[in-house]
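Inside the fold
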Amino acid sequence: QVQLVESGGGLVQPGGSLNLSCAASGNIFSIQSMGWYRQPPGKQREWITTISDLRRTDYVDSVKGRFTISRDYAKNMVYLQMISLKPEDTAVYYCKAFLQSSFRSPLTNYWGQGTQVTVSS
């Protein structure tokens, strides 16, 4: 059984910073990539950033230059550093892992439960 757990969400003022963490645990054979998604109130979930097993990173334009994704490969953790936060960054942030749980298992997306980030004065 694979489990992803996010932490670090909270309330911050515009222009502030916040760091999110996500830990993957359980039966994990290999992780191809990990990433972050977010879902603003009343809107659909959107992709914001991904980091691959070769440490390649991609970001949606709206967070480029403000958010940084990183991984601890030994601990199966992924992080999201957020600076210069804006009210439009307010959303539930979800961690995702694209992984195999065993050698013969297919690559599958696994999701965390989400953590609330609120940017408001």
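For the structure, check the block above.
Residues numbered from 1 in each chain as written. Predicted model: local features only at pLDDT ≥ 70, side-chain atom pairs only at ≥ 80, totals over all residues. Heavy atoms only, no water.

This brings us to the overall build of the protein chain. Along its length, the protein chain carries zero helices and eleven strands. Ordering the α and β elements of the protein chain from the N terminus gives β-β-β-β-β-β-β-β-β-β-β. Over its C-alpha trace the protein chain gives a radius of gyration of 14 Å, about what one expects of a compact globule, namely 14 Å for 121 residues. When the backbone C-alpha atoms are referred to their principal axes, the protein chain occupies close to 50 × 25 × 25 Å. Accessible surface, the protein chain: about 6600 Å² in total, of which carbon and sulfur atoms supply 48%. Put simply, the protein chain has 12 plus and 8 minus side-chain charges, and the middle of one group is 4 Å from the middle of the other. (Helix = DSSP H or I, 4+ residues; strand = E, 2+ residues; numbered from the N terminus. Rg over C-alpha atoms; globule rule 2.2 N^0.38 Å. Areas by Shrake-Rupley, 256 points an atom, 1.4 Å probe, with all protein chains shown as cover. Lys, Arg positive; Asp, Glu negative; His and termini not counted. Charge placed at Lys NZ, Arg CZ, Asp CG, Glu CD.)

Moving on to the side chain of D89. Looking at the secondary structure, you find D89 in the loop between β8 (77–82) and β9 (91–100). Side-chain polar atoms of D89 contact the side chain of R66, separated by 2.8 Å. Beyond its immediate stretch of four places on either side in the chain, D89 contacts R38, R66, F67, S84, V117 and V119. (Polar contact = N/O pair within 3.5 Å; in protein donor to acceptor, adjacent residues only side chain to side chain. Contact = heavy atoms within 4.5 Å.)

Its place among the elements puts S84 in the loop between β8 and β9. Assessed through its relative accessible area of 37%, S84 is described here as partly exposed. Separated by 67 residues in the primary sequence, S84 and S17 place their C-alpha atoms 6.2 Å from one another. Apart from the residues within four sequence positions on either side, S84 is in contact with G15, G16, R66 and D89. (Buried < 20%, exposed > 50% of the residue type's maximum accessible area, 1.4 Å probe, protein only.)

Note on strand geometry: in a regular strand, side chains alternate between the two faces of the sheet. Burial runs high along strand β4 (residues 30–39): seven of the ten residues are buried. Bridge analysis of β4 against β9 gives nine bridges, and the strand direction is antiparallel. For M34, the partnering residue across the bridge sits in β9 and is A97. Across six bridges, the pairing between β4 and strand β5 (residues 46–52) is antiparallel. Looking at the pairing, G35 lines up with T50 of β5. Connecting β4 to the next strand, β5, in antiparallel fashion are six residues, including G42 with a positive phi near 75°. (Pairing = 2+ DSSP bridges.)

Moving on, we get to unusual backbone geometry. Within the chain, R55 stands out as a residue other than glycine whose phi angle is a positive 65°. Along the chain, the position of R55 falls in the loop between β5 and β6 (57–59). R55 gets classed as exposed once you look at its relative accessible area, which sits at 56%. Backbone geometry at N76 places phi at a positive 55°, although glycine is not the residue there. Position of N76 among the secondary structure elements: in the loop between β7 (67–72) and β8. A relative accessible area of 23% places N76 in the partly exposed class.

Remember, this is a structural readout, not a statement about activity or role.
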